[in-house]
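These are the residues of each chain, in order.
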Amino acid sequence: MHKALLAGVSAATVALLLAGAAVSAQRAFPGQNGRVAIQGTVEGASQYAPSHIYLFSPDANGYFVQLTRGTSFDANPAWSPDGRTIAFDSNRGTTSVDDHDIFLVRPDGSGLVRITSGSANDMDPTWSPDGKQIAFVSNRSGNSDIWVMAADGSGLKQLTTDKRLDWDPAWSPEGTKIAFGSYRSGNEDIWVMNADGSAQRALAASPERDRHAAWSPDGTRIAFDSLRDGNFEVYTVKPDGSSVRRLTTNDIIDSRPTYSPDGQWIMYQSEGGDIGNRDVFLVRPDGSELTQFSEGGQWATSADWQRTARPIGRTTTGTVFADRLLMFDGDDTILGLAGNDMIRGGSGNDRLDGGPGNDTISGESGNDRIVGGPGKDRITCGPGRDTVVADKLDVVAKDCEVVRH
């Protein structure tokens, strides 16, 4: 695993660490599994700290995108079944930490739109398998319940009406069931109901807390995290509540599981990399081959794996909405967009393009091509035969081979 960045840098670091870790964890992605969306927070889980949505692709070096920016708390990303949209909840546009709405954004960061409104707290979106509906939790009726709406925000319908907290819905892959968390038994448990809200029942209830249900792609098991053994660990269970299986055995918090599209892996967040923070880990559904996937001492949480997988070529261009960029081993292509960016290549023959702004760009080992872009850039070269394309405003180290505009 790469240990290249220090704690305390911008939240964009989370996406970088995930992208870098993908190089060493590449074997964990058989077939054509999709991209992963995560919530990245630099100051822990505090709802007062800025939090953003990121994604990366394990199938292409140098491809990662920060989808949201600003001072809001953006959380709980969820891929649409067709892979064209990510739903998330956020307090953006408000001054209250208890006034979240559901938003949609495209995987390239464009098309941001709000689909719920008002003073209610709307959170935890999950898509129906046909992509036509979104279930979510809301207190718009005065209590935290599960609601459903059309994918454009219309047709609101309340599914649960219990006076205790219901939250965190998860749609089954065939579309007929919704699992959710509830305190209605006096304890935090996983419940399951029909997609129309009928036939609500507890699933594998225990005297300890069960949370964060996630269905396997074939619908035969539900992953969740639980305090039932004295510490939050990841478990799976059959939809009828039988055959509970414990997958992790740490003295730390393991939580929020999500399945890979092929069902061969479960991704979850854990303190395993840095106590007090969160990183992303992988484990087989039988509990074997535990693998740390991200590393960096920040918060990488609430992962969701794209259901629709598409082939991504090794020459994919990385488009980054971020301010501090660090590439890793491999032949990467990186494009810094508008802003004053800090870009550093890793091992490999990289192309580094600062884009508009006053950027600091440095090549590392390898034969790199560095393009300063508009602005007054500071460019240094590393070992190898690097070529720099610069204009007269740029400050370029003497050991670089310079081609002036």
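The text that follows walks through the structure, step by step, so that each part is easy to find.

A closer look at the environment of V388
- Checked against the element boundaries, V388 lands in strand 33 (residues 387-390).
- Given the relative accessible area of 0%, V388 is considered buried.
- The sequence separation of V388 and C400 amounts to twelve residues, and the corresponding C-alpha distance is 6.6 Å.

Structural notes on the packing of aromatic side chains
- Summed over the entire model, instances satisfying the criterion amount to three aromatic pairs.
- Between F224 and Y235, the aromatic rings sit 5.6 Å apart at their centres with planes inclined by 20°, giving stacked as the arrangement. In this pair, F224 sits in strand 17 (residues 222-226) while Y235 sits in strand 18 (residues 233-237), placing the two residues eleven residues apart along the sequence.
- Assessed through its relative accessible area of 2%, F224 is described here as buried.
- A relative accessible area of 2% places Y235 in the buried class.
- The lysine or arginine in question, R140, covers the ring of W147, its NZ or CZ lying 5.8 Å from the ring centre.
- Stacked on the ring of F232, the Lys or Arg R211 has its end atom at 3.8 Å from the ring centre.

Details of the side chain of S226
- Position of S226 relative to the elements: it lies in strand 17.
- A distance of 2.5 Å separates polar atoms of two side chains, one belonging to S226 and the other to D210.
- A polar side-chain atom of S226 sits 3.0 Å from the main-chain amide nitrogen of R228.
- Residue contacts for S226: discarding those within four places in its chain leaves R209, D210, N231, F232, E233 and Y235.

Examining the environment of S216
- Here S216 is to be found in the loop between strand 16 (210-215) and strand 17.
- The exposure class assigned to S216 is buried, which follows from its relative accessible area of 5%.
- In this structure the C-alpha to C-alpha distance between S216 and T258, which are 42 residues apart in sequence, comes to 8.2 Å.
- Beyond its immediate sequence surroundings of up to four residues, S216 is in contact with P173, R221 and Y259.
- For S216, the side chain forms a polar contact with the main-chain nitrogen of T220, separated by 3.2 Å.

Re the sheet that holds strand 17
- Read from one edge of the open sheet, four strands run 16-17-18-19, paired in antiparallel fashion. If you trace the sheet from one side to the other, it starts and ends with strand 16 and strand 19 (245-246), each paired once.
- Both strand 16 and strand 17 contribute to a ladder of four bridges, which runs antiparallel. Bridge pairing in strand 17 places R211 opposite D225.

Considerations on the sheet that holds strand 20 (residues 254-259)
- Taken in spatial order, the four strands line up as 20-21-22-23 in an open sheet, and their pairing is antiparallel. On the outer flanks of this sheet lie strand 20 and strand 23 (291-292), each paired with one strand and no other.
- In this sheet, strand 22 (residues 279-283) lies alongside strand 21 (residues 266-270) in antiparallel orientation, the contact comprising five bridges. Paired with I266 across the strands is V283, a residue of strand 22.

Some words on the environment of L156
- Mapped onto the elements, L156 comes out in the loop between strand 10 (145-150) and strand 11 (157-158).
- L156 sits in the partly exposed class, given a relative accessible area of 40%.
- Remark: the alpha-carbon pair of L156 and T116, spanning 40 residues in sequence, is separated by 9.6 Å.
- The contacts of L156, once residues within four sequence positions are left out, are F136, R140, W147, V148 and M149.

What counts and how
- Residues numbered from 1 in each chain as written.
- Predicted model: local features only at pLDDT ≥ 70, side-chain atom pairs only at ≥ 80, totals over all residues.
- Heavy atoms only, no water.
- Helix = DSSP H or I, 4+ residues; strand = E, 2+ residues; numbered from the N terminus.
- Buried < 20%, exposed > 50% of the residue type's maximum accessible area, 1.4 Å probe, protein only.
- Phe/Tyr/Trp six-rings, centres within 6.5 Å; stacked < 30°, edge-to-face > 60°.
- Lys NZ or Arg CZ within 6 Å of the ring centre and 35° of its normal.
- Polar contact = N/O pair within 3.5 Å; in protein donor to acceptor, adjacent residues only side chain to side chain.
- Contact = heavy atoms within 4.5 Å.
- Pairing = 2+ DSSP bridges.

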